[in-house]
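Structural description and commentary
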4 protein chains.
Amino acid sequence: MDVVEFTPTRDQYAFTFGGVAPVRRIQPGTVLRLWAEDAYGGVLQTTNDRPSEKLTMPFVNPQTGPFHVEGAEPGDTLVLHFAELTPARDWAASTTIPFFGGLTSTDRTVTLQDPLPERTWIYQLDRDRGTVTFAAQSSGHELELPIAPMLGTVGVAPAAFEARSSLVPDKFGGNMDTPEMRAGATCYLGVNVEGALFSVGDGHYRQGEGEACGTAVEGAMNVTLVVELIKGRAPVWPRIENDTHIASVGSSRPLEDAWRAAQTDLVLWLGELYALDRLDAYQLLTQVAEAPLANVCDANYSSVVKVAKNLLPGGEAYDGVHAHLRDLATTIQSA
Amino acid sequence: MDVVEFTPTRDQYAFTFGGVAPVRRIQPGTVLRLWAEDAYGGVLQTTNDRPSEKLTMPFVNPQTGPFHVEGAEPGDTLVLHFAELTPARDWAASTTIPFFGGLTSTDRTVTLQDPLPERTWIYQLDRDRGTVTFAAQSSGHELELPIAPMLGTVGVAPAAFEARSSLVPDKFGGNMDTPEMRAGATCYLGVNVEGALFSVGDGHYRQGEGEACGTAVEGAMNVTLVVELIKGRAPVWPRIENDTHIASVGSSRPLEDAWRAAQTDLVLWLGELYALDRLDAYQLLTQVAEAPLANVCDANYSSVVKVAKNLLPGGEAYDGVHAHLRDLATTIQSA
Amino acid sequence: MDVVEFTPTRDQYAFTFGGVAPVRRIQPGTVLRLWAEDAYGGVLQTTNDRPSEKLTMPFVNPQTGPFHVEGAEPGDTLVLHFAELTPARDWAASTTIPFFGGLTSTDRTVTLQDPLPERTWIYQLDRDRGTVTFAAQSSGHELELPIAPMLGTVGVAPAAFEARSSLVPDKFGGNMDTPEMRAGATCYLGVNVEGALFSVGDGHYRQGEGEACGTAVEGAMNVTLVVELIKGRAPVWPRIENDTHIASVGSSRPLEDAWRAAQTDLVLWLGELYALDRLDAYQLLTQVAEAPLANVCDANYSSVVKVAKNLLPGGEAYDGVHAHLRDLATTIQSA
Amino acid sequence: MDVVEFTPTRDQYAFTFGGVAPVRRIQPGTVLRLWAEDAYGGVLQTTNDRPSEKLTMPFVNPQTGPFHVEGAEPGDTLVLHFAELTPARDWAASTTIPFFGGLTSTDRTVTLQDPLPERTWIYQLDRDRGTVTFAAQSSGHELELPIAPMLGTVGVAPAAFEARSSLVPDKFGGNMDTPEMRAGATCYLGVNVEGALFSVGDGHYRQGEGEACGTAVEGAMNVTLVVELIKGRAPVWPRIENDTHIASVGSSRPLEDAWRAAQTDLVLWLGELYALDRLDAYQLLTQVAEAPLANVCDANYSSVVKVAKNLLPGGEAYDGVHAHLRDLATTIQSA
């Protein structure tokens, strides 16, 4: 089993999916140990650091990659199993950014109002307690919150010769910002170009569903993942599987279209797993779906639809590749 | 403690919130034991019963009520604690209905396509096992699913002299179709007219988040609830509290607007509970919110945003009325 | 030919469509001469009059009516031909209103931002020149604009026992705010309740398409209209015909759904006029449609789709009732 | 004055904005005489040619370009004046395409319904009469329609290292599909990359507003345009000026966001032209705007907001460059 370690230099980050040359070529079956910078490029370090002063567009949400997977062809399914996500720093940051976020007008939902004020919060990590601390700025209120590390951004090069911003998710994945993308999860992505050219980034030590203010508890992350390839069977939208659930992630505007995409994809998936026709699968999913939002701030919004496996005995997705990789990951971690 | 029992006769159902005379006048503190018909009026009983043949618009989603609460005035907060929701029949039904549902064009999202086929599923209830059984029609596949009784529709008379269909939720509540409206939940609704004039209905033995096909496992329900009144403090959008979470429910189109309403209401609520300013509450909620969809099929879509109480030590909503009513409810049930 | 004059007293205005007793019962063929108050109830008279101080919700957008049309039954088509719209005052007003309008967050598209400032503009009418004058408040800039009188609000009682705010348009018509509703236009509305119960109001001396800031050049209006009734043939959405165009008006959220409704209704209409199947009518309309927006501020947005009659030789809508009423109207005016 | 002629070879077309090397480098002031292929690549020639059989994704909507404009830098304003648009063939085509268009579910607004049937219409051009003929397929109905040549697609390379499909418009322009892009129009585009790298394509012999079925009367076009460059002053969204109007074009989802972008851009533009503050410009535009839709089918919808110049005496956009280029164009045409 190949193990590849990669920490990008400052000029090696990617800011798009597509349109970037690969940083490494790897074989299916490779274990990657990566360092992922935070979405701010690490420049917001104190509560006095204003996004409008410190950030330079479009150099935000830097991605680690892309990786060229040998043998991956359009129509194939890239499989990424996240074995370990570990905070790489002892602090993380979150902010309001002018005209960015879910409860403000934006450059997409334009109004004539003034922006919300900028503010930066710094969260201190307590590794032993496994917590970060929210510190209010309008009062002395502090609140300790359990960490729940995840990756906001996972994606492949898009189809149709496109290169797309690392800020806006779509069929190729990207900045979906779902808490489901955590250690123990396996992500399935349809391959659009030779080599798949996937990247990851945007570590969150914790994030609520919706990522309302536009940014999570943003922190650099050490990422261990296993790469696998399934020939053919490309899903239209990213899928995620863990020990308890299968899920689809749609990303679009308006939000109901993101949901429709995910819900439909899962209707198809259930139909395949249980040999149900479209209407039966639609009915069944209607009664068993969970539908936690992912983001409502990233130009394309992301909606997750998932089903608990304990409600669905007997179906096994993608020939059990998730269980296989999860077991494999256990080996790696104990290594 | 007054206990009022009420089972509507066939001509006593309400099909709007507002515009209907009350069926009973009750005091705050009253326990109501109600019978709620299913959304089909009980007429879909076999898999051969087609909605287009059996249902007569607009006589669907019949509501039990309205109840006039003595002393309730505009600006007050109506408190409904659901003590018990028990299936009133041994079967329930679900259907696809032409041009109704989340994965079809509708009379609101019109296309020129043909409708999906109509199909009716009947779910048999096993009271001992606490399950209903999904029976596929395209195959012999059967699946036993745990029941999770809830009320799709809870609301008061709307403001501004309106009378609104029981099918479409809004600020007054109504057909929100959230699984959060289950036994053990307390619902807070802003009062718009003298007496509040609330109704309940639309029993679901089980429903997935999103209610994708437009109908849950629809079944008549025996409902026990306790009515309370808080002077003033009317929330803009319905709120729900249970032992583990506080939640707000927004209902609008497009879906992001439903989410924005709920998310903003919870920002305000958190701000009050913890004396945080708007930005701090926005930041905190961003990192702790859960955002399960309710319905994406009812003309106005409903989005729930909620926070786990264990992340929020020290805040107590509405002076602890939920805990009070929950304890009271235990007494009733054991009676 | 009956001529009925009606000027409401202060307590005779309606603020909903549906839920209100008729002010008059009239026969089809009646000519109505009405006085319609402006949307502010006439209380904004100087640039110092702030909406938030002078207006009392929900007593805005007062309607003149409803009128009960003898013989009108659900499924029939109410025909209203606007013979004359004449400014009833020598001034009109427009405003920004906190959290109301198209370029601000609203109570439906909620954000945490501050509202835009309130401002009131008074437009002086020059009857001889047929103009109103825009006077900037941030400078001495003045601009004379031709008047183009129209009615923002025309509607019938809705279906399904609803009573709906005069602020929000839907299938029943209401506050569509389209400049197409001017003298010379014939409006077709589907009847939902016995007597149709139609009302009109919301005079605009001039309005741009979209009514972006939420209010037009709002002024009281003298309205002369002719009422006719066609048995059956109720359109799903309001239709408008004048000497040069036929049009449909959809009202919904998001805006594309308003457009879809209007576009589809016109596909059906074209199909009937020319005996085209659905696809041919879809194709033809694609190449000949004009699509001016009506309002993007009234909770439900309104989108007009129309076709120039000179592109459509040979089709005659509703057996030529428009031409008949237009000719009749000429007689009235010269009377 | 440089005159550059360019007809692409089959392998010279571009299918994205951005990510493509320039076909020519030109100086500001150059006149371009171009051949633009139709959106189908010319392969739909009879009513038997099915899009699903003849088209190969993503090789649709081929663009002529990109052209590198010497001296153009990010923040500059590219000026394209369309001097002449002349049909390059004697026929044009239009189609329904499965899951593409405004009155069908799509890959963005997914439903479980079957697609609409595919159908291809061929329009014969009569150059002398200046008409194309619609021929119904469900009947013998024919209708002669005046031609109104326009370009569906005009754009520059996008910002942020993106390469974007020629099918989906955005801030960089692209497939806006507005009938305003006709001979006599001047288009202003913000430059994002050195050289601007603009392309044009997607000739329409005629198109209704909204382009409902997804395709206009699609035909190859001979294009004569003049290229100019203004240093700085980049508009956020594409602007169009002709002899009678100034206009802005927003492209987004949902449709109200496209409108908001255009309306806001024009508020800013009016504010500059007349030295009005934001609120005065908002008010003025509210009363004078025209808002014809462009497309409601291209994933991002496009909305035009425009104002008649005769309502706006005294303002001159971009120092009169439009009038200058229009006069220049007259010279070219008579050459």
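As shown above, the structure is provided for reference.
Since the structure is predicted, the reported quantities are computational estimates derived from the model, not experimental observations.

1. Overview of the overall build of chain A
- Along its length, chain A carries four helices and 21 strands.
- For chain A, whose C-alpha radius of gyration is 19 Å, the value lies close to the compact-globule estimate of 20 Å for 335 residues.
- Each of the three principal axes of chain A carries a C-alpha extent, and together these read 55 × 45 × 45 Å.
- When the 335 residues of chain A are sorted by exposure, 67% land in the buried category.
- Taking the contacts inside chain A whose residues are at least 6 apart along the sequence as the reference set, 78% of them involve residues at least 24 apart.
- Accessible surface, chain A as shown: approximately 10,400 Å² in total, 49% of it carbon and sulfur.
- Across chain A, the mean location of the 24 positive side-chain charges is 1 Å away from that of the 42 negative side-chain charges.

2. A look at the relation of the copies chain B and chain A
- Each copy of the sequence occupies a distinct position, and chain B is placed on chain A by a rotation of 180 degrees and an axial shift of 0.0 Å, giving an RMSD of 0.0 Å. The superposition operator between the copies reduces to a two-fold rotation axis. When C-alpha distances to the rotation axis are compared across chain B, the minimum falls at B:Pro292, with a value of 2.1 Å.
- When the interface residues of chain B are mapped onto chain A, 100% of them are again interface residues, pointing to one common binding face.

3. Here's the deal with the interface of chain D and chain B
- On the side of chain B, 13 residues touch chain D, which itself brings 13 residues to the contact.
- In total, about 930 Å² of surface goes out of reach between chain D and chain B, with carbon and sulfur atoms giving 60% of it.
- By the criterion of area lost to chain B, the three top residues of chain D are D:Leu103, D:Leu112 and D:Gln113, representing 54% of everything that side buries.
- Taken together, the links from chain D to chain B amount to six residue pairs in polar contact (both at pLDDT 80 or more).
- Looking at the side of chain D that touches chain B, its residues break down into seven nonpolar, four polar and two charged.

4. Section: the interface of chain B and chain A
- Across the contact, 65 residues belong to chain B and 65 residues belong to chain A.
- Carbon and sulfur atoms make up 62% of the surface buried where chain B meets chain A, a total of about 5,300 Å² over both sides.
- Inspection of the region where chain B meets chain A yields four salt bridges.
- A salt bridge links A:Arg119 to B:Asp277; the nearest nitrogen and oxygen atoms lie 2.8 Å apart.
- Joining chain B to chain A, the criterion identifies 44 residue pairs in polar contact (both at pLDDT 80 or more).
- Among the elements of the structure, strand E7 (91-96), strand E8 (119-126), strand E10 (142-146), helix H2 (255-274), helix H3 (278-288) and strand E21 (301-308) of chain B are those that each provide at least two residues to the side of chain B that touches chain A.

5. Some words on the relation of the copies chain D and chain B
- Aligned on chain B, chain D shows an RMSD of 0.0 Å; the corresponding rotation is 180 degrees and the shift along the axis is 0.0 Å.
- Most of the interface of chain D is mirrored in chain B, where 100% of its interface residues again form contacts.

6. Topic: the environment of A:Val249
All names here are of chain A.
- Position of Val249 relative to the elements: it lies in strand E19 (residues 245-252).
- With a relative accessible area of 0%, Val249 lands in the buried category.
- Taking the C-alpha atoms as reference, Val249 lies 9.9 Å from Val236; in sequence the two are 13 residues apart.
- Filtering out sequence-adjacent residues up to four positions away, Val249 remains in contact with Met176, Trp237, Pro238, Ile240, Ala262, Ser302, Ser303 and Val304.

7. What to know about the sheet that holds strand E14 (residues 186-190) of chain A
Residue and element names in this part refer to chain A.
- With mixed pairing, the nine strands of this open sheet are ordered in space as E1-E4-E17-E6-E14-E18-E19-E21-E20. Every other strand in the sheet has two partners, leaving strand E1 (3-6) and strand E20 (293-295) as the edge strands with one partner each. The mean angle between the axes of side-by-side strands here comes to 25 degrees, regardless of whether they run parallel or antiparallel.
- Relative to strand E21 (residues 301-308), E19 runs antiparallel, the two sharing eight bridges.

8. Structural notes on the pattern of salt bridges
All names here are of chain A.
- Tallied over the full model, the rule gives 96 salt bridges over all chains.
- Asp76 is the partner of Lys231 in a salt bridge, and the nearest nitrogen-oxygen pair spans 2.6 Å. In this pair, Lys231 is assigned in the loop between strand E17 (221-230) and strand E18 (239-241) and Asp76 in the loop between strand E5 (63-69) and strand E6 (77-87), connecting sequence segments 155 residues apart.
- Residue classification places Lys231 among the partly exposed residues on the basis of a relative accessible area of 47%.

9. Thoughts on the environment of C:Gly102
- Within the secondary structure layout, C:Gly102 lies in the loop between strand E7 (91-96) and strand E8 (119-126).
- In this structure the C-alpha to C-alpha distance between C:Gly102 and C:Gly210, which are 108 residues apart in sequence, comes to 8.0 Å.
- Filtering out sequence-adjacent residues up to four positions away, C:Gly102 remains in contact with C:Ala212, C:Val296, C:Cys297, D:Trp259, D:Arg260 and D:Tyr282.

10. Things to note about the packing of aromatic side chains
All names here are of chain A.
- Overall, the coordinates contain 36 aromatic pairs over all chains when judged by the stated rule.
- Three or more aromatic residues joined by ring pairs make a cluster, and in this case those are Phe6, Phe67 and Phe198.
- Looking at Arg239, its charged tip hangs above the ring of Trp269, at a distance of 4.4 Å from the centre.

11. Considerations on the sheet that holds strand E14 (residues 186-190) of chain D
Residue and element names in this part refer to chain D.
- Read from one edge to the other, the open sheet built from nine strands follows the order E1-E4-E17-E6-E14-E18-E19-E21-E20, with strand pairing classed as mixed. Bordering the open sheet on either side are strand E1 (3-6) and strand E20 (293-295), each of which pairs with just one other strand. Adjacent strand axes in the sheet meet at a mean angle of 25 degrees, parallel and antiparallel pairs treated alike.
- Pairing of E1 with strand E4 (residues 31-36) involves four bridges; the strand directions are parallel. Bridging across to E4, Val4 finds its partner in Leu32.
- Running at roughly 145 degrees to strand E19 (residues 245-252), helix H2 (residues 255-274) makes contact with strand E18 (239-241), E19, E20 and strand E21 (301-308) of the sheet.

12. Things to note about helix H3 (residues 278-288) of chain A
- Across the 11 residues of H3(A), 10 count as buried, placing the element largely inside the fold.
- Within H3(A), burial applies to A:Leu279, A:Asp280, A:Ala281, A:Tyr282, A:Gln283, A:Leu284, A:Leu285, A:Thr286, A:Gln287 and A:Val288.

13. Overview of the environment of D:Val156
All names here are of chain D.
- Of note, Val156 is situated in the loop between strand E11 (150-155) and strand E12 (164-165).
- Given a relative accessible area of 0%, Val156 falls into the buried group.
- Ignoring anything within four residues of it in the chain, the contact list for Val156 reads Phe17, Leu78, Phe172, Leu189, Gly190, Asn192, Ala196, Leu197 and Phe198.

14. So, the side chain of A:Thr286
- For A:Thr286, the position within the fold is in helix H3.
- Among residues more than four places away in sequence, those in contact with A:Thr286 are A:Gln263, B:Gln207, B:Gly208, B:Glu211, B:Ala212, B:Cys213 and B:Thr215.

The rules behind each value
- In this convention, every chain numbers its residues from 1, walking through the sequence in written order.
- Chains carry letters from A onward and ligands carry numbers from 1 onward, assigned in written order.
- In keeping with the model being predicted, local features are shown solely for residues with a pLDDT of at least 70 and side-chain atom pairs are shown and tallied solely at 80 or more, while totals for entire chains, interfaces and linings include all residues.
- As a rule here, side-chain values come from all non-hydrogen atoms in the structure, and water together with hydrogens is ignored.
- Secondary structure is summarised from DSSP: a helix means a run of H or I of at least four residues, a strand means a run of E of at least two, and numbering begins at the N terminus for each.
- As defined in this context, the radius of gyration uses C-alpha atoms, and a globule is described by 2.2 Å times the residue total to the power 0.38.
- Relative accessible area decides the class of each residue, using a 1.4 Å probe on protein chains only: under 20% of the type maximum gives buried, over 50% gives exposed, and in between gives partly exposed.
- Whether two residues are in contact is decided by their heavy atoms, any of which lying within 4.5 Å being enough.
- Per-residue and other accessible areas follow the Shrake-Rupley method at a 1.4 Å probe size, with only the shown protein chains counted as cover for residues.
- For the purpose of charge, His is not counted, nor are the chain termini; Lys and Arg are scored as positive and Asp and Glu as negative.
- For charged residues, the charge sits on one atom: NZ in Lys, CZ in Arg, CG in Asp, CD in Glu.
- When the copies are superposed, the least-squares fit takes in the C-alpha atoms of residues with a pLDDT of at least 70 in both.
- When two parts are brought into contact, each loses some accessible area as probed by a 1.4 Å sphere; the total of that loss over both is the buried area.
- Any pair of N or O atoms that falls within 3.5 Å is considered a polar contact. Within protein, one atom must be able to donate a hydrogen and the other to accept it, and sequence-neighbouring residues count only if both atoms are side-chain atoms.
- Gly is placed with the polar residues, together with every amino acid not listed as nonpolar (Ala, Val, Leu, Ile, Met, Phe, Trp, Tyr, Cys and Pro) or charged (Asp, Glu, Lys and Arg).
- We define a salt bridge as a side-chain nitrogen of Lys or Arg found within 4 Å of a carboxyl oxygen belonging to Asp or Glu.
- A pair of strands is treated as paired once DSSP finds two or more bridges between them.
- To obtain each axis, a line is fitted to C-alpha atoms, and for helices this fit is confined to the stretch in contact; angles are then taken between N-to-C directions over 0 to 180 degrees.
- Only Phe, Tyr and Trp rings take part, Trp by its six-membered ring, and two of them pair if their centres are within 6.5 Å. Stacked means planes under 30 degrees apart, edge-to-face means over 60, and tilted covers everything else.
- Comment: the charge-over-ring label is applied if NZ (Lys) or CZ (Arg) is within 6 Å of the ring centre and within 35 degrees of the ring normal.

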